[in-house]
Amino acid sequence: MKLYRDNGSVRLEVIDHGIGIPPGEQHKIFEKFYRVGDPLVHNTKGSGLGLSLVRHIVQAHGGEISVESAPGKGSKFTIALPANSGVSVISTS
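Below is a summary of the structure that appears in this document. (Residues numbered from 1 in each chain as written. Predicted model: local features only at pLDDT ≥ 70, side-chain atom pairs only at ≥ 80, totals over all residues. Heavy atoms only, no water.)

Now for the packing of aromatic side chains. Overall, the coordinates contain zero aromatic pairs when judged by the stated rule. Against the face of Y4 rests K2, its NZ or CZ located 5.1 Å from the ring centre. (Phe/Tyr/Trp six-rings, centres within 6.5 Å; stacked < 30°, edge-to-face > 60°. Lys NZ or Arg CZ within 6 Å of the ring centre and 35° of its normal.)

As structure tokens, then:
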């Protein structure tokens, strides 16, 4: 996880080393109840609401969420929120 200031915003990056998300499905993962059709996640519990809720909260605060991913290479989710001058920078590994 990485939190930093960039060009007037605060960015939070979360990286996983999972199965990755095919390019054709990346725009769908923020929709309510959507679950990637990969057989590897078939038995994984979840309702498909998590990323939809995150997107809703981020947008309500004037921000954006994005994903970079490739099958077999994991994913990087980035949340960007507008920053004010009193924000500090924190980084963890």
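Another point: the sheet that holds strand β2 (residues 9-16). With antiparallel pairing, four strands are arranged side by side in an open sheet as β1-β2-β4-β3. If you trace the sheet from one side to the other, it starts and ends with β1 (2-6) and β3 (64-69), each paired once. Between one strand and the next, the sheet's axes are offset by a mean angle of 20 degrees, whatever the strand orientation. The pairing of β3 with strand β4 (residues 75-82) spans six bridges and is antiparallel. Looking at the pairing, S66 lines up with T78 of β4. Taken strand by strand, helix α1 (residues 50-60) contacts β3 and β4, and its axis lies near 25 degrees from that of β4. (Pairing = 2+ DSSP bridges. Helix = DSSP H or I, 4+ residues; strand = E, 2+ residues; numbered from the N terminus. Axes fitted to C-alpha atoms, helices over the stretch in contact; angles between N-to-C directions. Contact = heavy atoms within 4.5 Å.)

Counting residues in each nonpolar core, the largest one holds eight residues, listed as I21, I29, F30, V58, I65, V67, F77 and I79. Secondary-structure elements contributing two or more residues to this core are β3 and β4. (Core = buried A, V, L, I, M, F, W, Y, C linked by side-chain atoms within 4.5 Å. Buried < 20%, exposed > 50% of the residue type's maximum accessible area, 1.4 Å probe, protein only.)

With respect to the secondary-structure elements, P23 resides in the loop between β2 and α1. A sequence separation of 45 residues divides P23 from E68, and the C-alpha atoms of the two residues are 8.8 Å apart.

For the structure on display, the rule yields three salt bridges. A salt bridge links D6 to R11; its shortest N-O distance comes to 3.0 Å. Its relative accessible area of 24% is what places R11 among the partly exposed residues. Look at the salt bridges and you will find they share partners, linking E13, E68 and K76 into a network. (Salt bridge = Lys/Arg side-chain N within 4 Å of Asp/Glu carboxyl O.)

Let us now look at unusual backbone geometry. Non-glycine residue N7 carries a positive phi angle of around 50 degrees. Within the secondary structure, N7 is located in the loop between β1 and β2. The exposed category is assigned to N7, whose relative accessible area is 78%.

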